[in-house]
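Structural characterization, general
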Amino acid sequence: MYWNDDNNVIFVAGRTSYLSAFDLRSREQVMKYDLRGAGDVLSIDSFPDGNTFVASYNEVNRANAQHNLVIWDVRAAAKISDQIFHERHSCPCVRVHPSGKSFIAQTTGNYAARFQAVGSSFKLDKHVRYDKHTVYEFGTHLDISADGKHVTSGSSDGSVKTYRFTDGDLLADIKLDHNSAVLDVQYHPLIPRFCAVSNWCGVITLLE
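Residues numbered from 1 in each chain as written. Predicted model: local features only at pLDDT ≥ 70, side-chain atom pairs only at ≥ 80, totals over all residues. Heavy atoms only, no water.

Relative to the helices and strands, Ser99 is located in the loop between β9 (93-96) and β10 (102-107). With relative accessibility at 39%, the residue Ser99 sits in the partly exposed group. With 51 residues separating them along the chain, Ser99 and Pro48 place their C-alpha atoms 7.3 Å apart. Of the polar contacts made by the side chain of Ser99, one reaches the side chain of His97; its length is 2.8 Å. For Ser99, the side chain forms a polar contact with the main-chain nitrogen of Lys101, separated by 3.2 Å. (Helix = DSSP H or I, 4+ residues; strand = E, 2+ residues; numbered from the N terminus. Buried < 20%, exposed > 50% of the residue type's maximum accessible area, 1.4 Å probe, protein only. Polar contact = N/O pair within 3.5 Å; in protein donor to acceptor, adjacent residues only side chain to side chain.)

Rendered as structure tokens:
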């Protein structure tokens, strides 16, 4: 993911909370987002304004789940919001809605949760849940269509589920391969009805 719409600066994330921005021209680190004790970085996605992004981490235990989702200020490398999600699930994928007013986090609890902007923070929307797919140990991803109307998620049972964004209703259930979990989903950036999905066996499928 690029930094603040600058194609020369990219985010690099990894183990033990490592999350930095590197300039491809100078090959130097220009910013570090330091958060100790949060575990490995699982997923990041930026908000449309380019000034903030959301990151998910895998350190979730009985005593502490405050860092599984964190909103960061891109240029200040400061936490804007944490303690967003209090369930004891990690979130292998986060995706920001095109409006910038919400984001969705895939969880290892076999559902995706929606978070709505409340002032400068985000709160769990307890009325909407996307929960007809399974994740388990596969770290299944999801994506939001470019027009913001649909959410599509892979599933460990080899299917692809599409939900209505506004209320979480299941709109489509496409069976691909019962023997291979669908791991990733990516919508076309300009044509909302097209998306690509990939499974555990390395097969890429284009869907309309």
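On we go.
Across four bridges, strand β18 (residues 195-199) lies against strand β19 (residues 204-207) in antiparallel orientation. Across the sheet, the residue bridging to Cys195 is Leu207, located in β19. A loop of four residues connects β18 with β19, the two strands running antiparallel in sequence, and Gly202 in this loop sits at a positive phi of about 85 degrees. (Pairing = 2+ DSSP bridges.)

Now for the packing of aromatic side chains. As enumerated under the stated definition, the model contains 11 aromatic pairs in all. Ring centres of Phe85 and Phe115 lie 5.6 Å apart, and the angle between their planes is 85 degrees; this geometry places the pair in the edge-to-face category. On the criterion of sequence distance, the pair formed by Phe85 in the loop between β8 (78-81) and β9 and Phe115 in strand β11 (residues 111-118) is long-range, its members being 30 residues apart. The exposure class assigned to Phe85 is buried, which follows from its relative accessible area of 1%. An aromatic cluster is built from Phe47, Phe85, Phe103, Phe115 and Phe122, whose rings are joined through pairwise contacts. For Arg114, the ring lying beneath its charged end belongs to Phe165, and the centroid distance is 4.8 Å. A cation over an aromatic ring shows up here: Arg129 above the ring of Tyr111, its NZ or CZ 3.7 Å from the ring centre. (Phe/Tyr/Trp six-rings, centres within 6.5 Å; stacked < 30°, edge-to-face > 60°. Lys NZ or Arg CZ within 6 Å of the ring centre and 35° of its normal.)

Throughout the structure, instances matching the rule amount to zero disulfides. Cys91 takes part in no disulfide bond, and the closest cysteine sulfur to it belongs to Cys93, at a distance of 9.6 Å. On the basis of relative accessible area, Cys93 is assigned to the buried category, the value being 0%. (Disulfide = S-S within 2.5 Å.)

Take the sheet that holds β8 next. The four strands lie next to each other as β5-β6-β7-β8, forming an open sheet whose pairing is antiparallel. This sheet does not close on itself; its edge strands, each paired only once, are β5 (41-46) and β8. Going across the sheet, the axis of each strand differs from the next one's by a mean of 35 degrees, ignoring polarity. With three bridges joining them, strand β7 (residues 69-73) and β8 adopt antiparallel strand pairing. When the bridges of β8 are listed, Asp73 appears paired with Ala78. (Axes fitted to C-alpha atoms, helices over the stretch in contact; angles between N-to-C directions.)

So, on to the nonpolar core. Counting 18 residues, the largest nonpolar core has Leu19, Tyr33, Phe53, Tyr57 and Trp72 as its most contacted members. Counting only elements with at least two residues in this core, the list comes to β2 (6-13), β3 (19-23), β5, β6 (52-57) and β7. Per-element accounting of this core gives the leading share, three residues, to β6. With near-sequence residues (within four places) excluded, Leu19 lies in contact with Phe11, Val12, Ala13, Lys32, Tyr33, Val41, Ile44, Phe53, Ala55, Tyr57 and Trp72. By size, the runner-up hydrophobic cluster in this structure holds 15 residues, among which are Phe85, Cys91, Phe103 and Phe115. (Core = buried A, V, L, I, M, F, W, Y, C linked by side-chain atoms within 4.5 Å. Contact = heavy atoms within 4.5 Å.)

As a further point, take the sheet that holds strand β17 (residues 182-187). Strand pairing in a sheet is mediated by backbone hydrogen bonds. Such pairs are either parallel or antiparallel. Read across the sheet, three strands follow the order β17-β18-β19 without closing on themselves; strand pairing throughout is antiparallel. In this open sheet, the two edge strands, each paired with only one partner strand, are β17 and β19. Taking each pair of neighbouring strands and ignoring which way they run, the sheet shows an average axis angle of 20 degrees. Sheet analysis places β17 next to β18, joined by five bridges and oriented antiparallel.

With that settled, consider the environment of Val135. Structurally, Val135 can be placed in the loop between β12 (121-130) and β13 (142-144). Take Val135: its relative accessible area is 0%, and that puts it in the buried class. Sequence-wise, Val135 and Gly109 are 26 residues apart; in three dimensions their C-alpha atoms are separated by 7.3 Å. The contacts of Val135, once residues within four sequence positions are left out, are Pro92, Gln106, Thr107, Thr108, Asn110, Thr140 and Ser156.

By themselves these figures say nothing about function.
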